[in-house]
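Residue-level structural notes
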Amino acid sequence: MKPLIFHNPNCGTSRNTLAIIKASGEQPEVVEYLKNPPSRDELVDLLAKMNISPRELLRSKEAINDELGLDNPALSDDYIIDVMIAHPILINRPIVVTDKGAALCRPSERVFELLENPVISFTKEDGETIYHDNNQ
């Protein structure tokens with residue numbers, strides 16, 4: 001399978017992750033999830049593949065997080081999922097899925113572990129150079 005990235009082009013981490021994938025010789029399927037959000041079933045499947053809770057995927061920096069009181073620990077996972085479906089901006093990004101697994105790639109160098117032939121080094125938009133350890 002070719003890599004799949006749930007991408008927000010306005011996010012630097014997402015842009016860097018996509019660029020790392022391409023620099024590694026892959027042509028991913030890009031889903032701009034704010035325009036084409038995952039279905040509830042797809043989101044539940046992604047969470048299972050990443051082995052994380054809905055709260056771990058929740059983007060808490062968004063103003064709507066506070067408006068909806070999503071920091072309340074009493075809120076159920078199902079409720080958090082429903083809110084992310086209703087407001088896709090609350091889904092943290094980028095999410096990458098490959099044959100090697102799935103991960104929320106924050107920081108962007110997390111994508112290295114998901115690629116068949118990751119580049120040895122990559123210079124991010126901000127000028128920081130990151131390196132992949134081939135011995136992992």
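That block above? That's the structure.
First, a word on scope: everything that follows refers to the structure included in this document. Source: prediction; values computed, not measured.

Considered for burial, the residues of helix α5 (residues 77-86) that qualify are I80, I81, V83 and M84. The buried residues of α5 all sit within an arc of 165° when viewed along its axis, so they share a single face. Looking at the buried positions of α5, the neighbouring elements they touch are α2 (40-50) and α3 (54-57).

This structure, assessed with the given rule, holds 9 salt bridges. Across the pair D45 and K49 runs a salt bridge, and its minimum N-O distance is 3.2 Å. Here the residue D45 and the residue K49 both occupy positions in helix α2, the gap between them amounting to 4 residues, near one helical turn. K49 sits in the partly exposed class, given a relative accessible area of 49%. Where E62 meets R59, a salt bridge forms, and the shortest distance between an N and an O atom there is 2.9 Å. It is possible to trace a salt-bridge network through shared partners that takes in R40, D78 and D82.

Close contact between α2 and α5 brings their axes to 10 Å; oriented N to C, the two are set at 120°. As far as their axial angle goes, α5 and α2 are oblique. Note on packing geometry: the crossing formed by α2 with α5 is right-handed. Across from R40, L43, V44 and L47 in α2, the residues of α5 making contact are D78, I81, D82, M84 and I85. Here the residues of the contact of α2 with α5 are counted per class, giving 6 nonpolar, no polar and 3 charged.

This part covers α2. Those residues of α2 that fall on the buried side of the exposure criterion are L43, L46, L47 and M50. Looking straight down α2, one finds its buried side chains confined to an arc of 100°; they lie on one side. Away from its buried face, by an angle of more than 90 degrees, α2 presents the exposed residues D41 and A48. Backbone geometry just downstream of α2 places N51 in the positive-phi region, at approximately 55°.

Topologically, D66 is positioned in helix α4 (residues 63-67). Distance in space between the C-alpha atoms of D66 and S39 is 24 Å, their sequence separation being 27 residues.

Ordered by their spatial adjacency, 4 strands build an open sheet running β2-β1-β3-β4, and the pairing between neighbours is mixed. Either end of the sheet is taken by a strand with one partner, and the two such strands are β2 (29-32) and β4 (101-104). Sheet twist, expressed as the average angle between the axes of neighbouring strands with direction ignored, equals 15°. Pairing between strand β1 (residues 4-7) and strand β3 (residues 95-98): 3 bridges, direction antiparallel. Looking across to β3, one finds that F6 is bridged to I95. Lying over the sheet, α2 contacts β1, β3 and β4, oriented at roughly 100° with respect to β4.

About the thresholds
- Residues numbered from 1 in each chain as written.
- Predicted model: local features only at pLDDT ≥ 70, side-chain atom pairs only at ≥ 80, totals over all residues.
- Heavy atoms only, no water.
- Buried < 20%, exposed > 50% of the residue type's maximum accessible area, 1.4 Å probe, protein only.
- Helix = DSSP H or I, 4+ residues; strand = E, 2+ residues; numbered from the N terminus.
- Arc of directions from axis to C-beta.
- Contact = heavy atoms within 4.5 Å.
- Salt bridge = Lys/Arg side-chain N within 4 Å of Asp/Glu carboxyl O.
- Axes fitted to C-alpha atoms, helices over the stretch in contact; angles between N-to-C directions.
- Parallel < 35°, antiparallel > 145°, perpendicular 65-115°, else oblique.
- Left-handed = near helix turned anticlockwise from the far one by under 90°.
- Nonpolar A, V, L, I, M, F, W, Y, C, P; charged D, E, K, R; others polar.
- Pairing = 2+ DSSP bridges.

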